[in-house]
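Secondary and tertiary structure notes
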Amino acid sequence: MENFGTIWFVAYYLLIIWLLLTVVFVIKRVLDNMRMRTKSKLELEALQRIELQKRIELLEKELAEKEKTSL
């Protein structure tokens, strides 16, 4: 009977260790996803700035051509 209690004792602590490892891996995954989203957001903002700069240059060029033709 004493052996039966030891088995439950070991099983209980193995379960606790498994739960803790699961929680740690879930937290790690969530943090990695947050980092990835932040990185993606920064890359998207950089691309938007580049596209905006290109659009501004195109509009300035069109405005300069319009001013030349109106003179």
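Relevant structure appears above.
By convention here, each chain's residues receive numbers from 1 onward along its written sequence. This being a predicted model, a pLDDT of at least 70 is required before a residue's local features are given, and a value of 80 or more before pairs of side-chain atoms are given or counted; all residues contribute to the totals for chains, interfaces and linings. Hydrogens are left out, water is left out, and the side-chain values use all remaining heavy atoms of the structure.

Moving on, we get to the overall build of the protein chain. The helix and strand labels rest on DSSP assignments: H or I over at least four residues marks a helix, E over at least two residues marks a strand, and numbering proceeds from the N terminus. Along the backbone of the protein chain there are one helix and zero strands. The C-alpha atoms of the protein chain give 31 Å as radius of gyration, which overshoots the globular expectation for 71 residues (11 Å, by more than 25%). Counting only C-alpha atoms, the protein chain reaches 105 × 10 × 5 Å along its principal axes. Summary of the burial criterion: residues with accessible area below 20% of their type's maximum are buried, those above 50% are exposed, and those between are partly exposed, where the area comes from a 1.4 Å probe applied to protein chains only. By residue count, 0% of the 71 residues in the protein chain fall in the buried class. Note that accessible areas follow from Shrake-Rupley with a 1.4 Å probe, and for residues the cover is restricted to the protein chains shown. Split by element, the accessible area of the protein chain, about 7300 Å² in all, is 69% carbon and sulfur. For the purpose of charge, His is not counted, nor are the chain termini; Lys and Arg are scored as positive and Asp and Glu as negative. One atom stands in for each charge, and that atom is NZ of Lys, CZ of Arg, CG of Asp or CD of Glu. Looking at charge distribution, the protein chain has the averaged site of its 12 positive side-chain charges lying 2 Å from that of its 10 negative ones. We take the radius of gyration over the C-alpha atoms and set the globule estimate at 2.2 Å times the residue count to the 0.38 power.

Right, let's get into the pattern of salt bridges. Between Lys or Arg on one side and Asp or Glu on the other, a salt bridge is scored when a side-chain nitrogen of the former is within 4 Å of a carboxyl oxygen of the latter. For the coordinates displayed, the defined rule picks out two salt bridges. Where Arg35 meets Asp32, a salt bridge forms, and the shortest distance between an N and an O atom there is 2.9 Å. Note that Arg35 and Asp32 are positioned in helix 1 (residues 2-70) at a spacing of three residues, about one turn of the helix.

Our focus in this paragraph is the packing of aromatic side chains. Paired rings are identified among Phe, Tyr and Trp, the last through its six-membered ring, by centres lying within 6.5 Å, and are further divided according to the angle between planes into stacked (under 30 degrees), edge-to-face (over 60) and tilted (the rest). A full pass over the atoms with the stated rule returns two aromatic pairs. An angle of 65 degrees between the planes, with centres 4.7 Å apart, marks the rings of Phe9 and Tyr13 as edge-to-face. Separated by four residues within a single helix, Phe9 and Tyr13 lie in helix 1, roughly one turn from each other. Accessibility expressed as a relative area gives 40% for Tyr13, which makes it partly exposed.

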